[in-house]
Amino acid sequence: SATSFFVGADYRAPVSIHDVLFEGARLDDALLPITPKLSVVPGAAKMEDADRLLPSITGADTVLFRAFRALQTPFDVVLLDVPSGWGATARNALLAATHHLLPINSEQMALDTAHSTLAHSVGLFEAYDRETLPFAALLTAFRETHSSHDIEAQCRGFWPQNTLQTRIRYTEQIKELAATRKTVAQRQAATAREDFAALGDEILKSWQPKLRNRKK
């Protein structure tokens, strides 16, 4: 989705994340500059089979981790966006990450999935004898309804120190931006721009000290 958003659904990358995971390609060679401060590693239609095929590779859960260790291009922040579920792609992303942002779209099923994801994550890091990642729960598609407020209350009850204060409110502006391939930073999308700016500020304030400690 990110690839089609930035460069169109018909774009075929010369080097994609599929080549990094399955062919040993370098992440540096897969980088596609979008703006002077933003690059993406393009997806590929073949990634639909990644969860099925990755387990056949030696060190299947750590392919992406090893690729990042070899990355030469410096970045302040790298976002790893993976589909829902608990397949090999998700395991690769978690083992390559330093932090875990868990979006919950203000519905009970999404909250149940979040619990399951965190439980799987704990088991994964125990299996590799590593500390679990710092995580943050983010309420998205939030509306001023009893249901949304109930999900928020449950999140803050389960994870009082890990539920972000920022809420991404539901707005049709997000759909409009997607249709025009514009980000909240490129257009005056009042509610969306305000919420995502607040999210960035909160994450930087809460995670930057931990990032420095991990680097040390």
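Caption draft 1: Representation of the overall build of the protein chain within the structure. For the protein chain, the count of helices and strands is ten helices and five strands. Taking 2.2 N^0.38 as the reference for a compact globule, 216 residues should give roughly 17 Å; the C-alpha atoms of the protein chain span a radius of gyration of 18 Å, in line with that estimate. Each principal axis of the C-alpha atoms in the protein chain carries an extent, and together these give about 50 × 40 × 35 Å. For the protein chain, the proportion of its 216 residues judged to be buried stands at 35%. Within the protein chain, contacts between residues at least 6 apart in sequence are counted, and of these 68% link residues at least 24 apart. About 13,400 Å² of surface is accessible on the protein chain, with carbon and sulfur atoms providing 53% of the total. Charged side chains of the protein chain number 24 positive and 25 negative; the gap between the two group centres comes to 6 Å.

Caption draft 2: Region of interest: the pattern of salt bridges. Under the counting rule described, the total for this entry stands at nine salt bridges. Notably, a salt bridge pairs Glu144 with Arg167, separated by 3.8 Å at the nearest N-O pair. In this pair, Glu144 is assigned in the loop between strand 4 (135-142) and helix 8 (146-158) and Arg167 in strand 5 (residues 163-169), connecting sequence segments 23 residues apart. Judged by relative accessible area, which is 25%, Arg167 ranks as partly exposed. A salt bridge links Glu152 to Arg156; the nearest nitrogen and oxygen atoms lie 3.1 Å apart.

Caption draft 3: Inspection of the layout of surface pockets at higher detail. Within this model, the second largest pocket holds a volume of roughly 170 Å³. The wall of the second largest pocket is formed by 13 residues, among which Ala136, Gln161, Asn162, Leu164 and Ser206 lie closest to the centre. Here the lining of the second largest pocket gets four residues from one element, more than from any other, and that element is helix 10 (residues 190-215). Here the lining of the second largest pocket is composed, by residue class, of six nonpolar, five polar and two charged.

Criteria and cut-off values
Residues numbered from 1 in each chain as written. Predicted model: local features only at pLDDT ≥ 70, side-chain atom pairs only at ≥ 80, totals over all residues. Heavy atoms only, no water. Helix = DSSP H or I, 4+ residues; strand = E, 2+ residues; numbered from the N terminus. Rg over C-alpha atoms; globule rule 2.2 N^0.38 Å. Buried < 20%, exposed > 50% of the residue type's maximum accessible area, 1.4 Å probe, protein only. Contact = heavy atoms within 4.5 Å. Areas by Shrake-Rupley, 256 points an atom, 1.4 Å probe, with all protein chains shown as cover. Lys, Arg positive; Asp, Glu negative; His and termini not counted. Charge placed at Lys NZ, Arg CZ, Asp CG, Glu CD. Salt bridge = Lys/Arg side-chain N within 4 Å of Asp/Glu carboxyl O. 1 Å grid on protein atoms, 1.4 Å probe; cavity = no way out; pocket = protein on both sides within 12 Å on 5 of 7 lines; lining within 4 Å. Points joined across faces, edges and corners; volume = space filled by probe spheres on them. Nonpolar A, V, L, I, M, F, W, Y, C, P; charged D, E, K, R; others polar.

Functional significance is not addressed by these values, which are geometric in nature.
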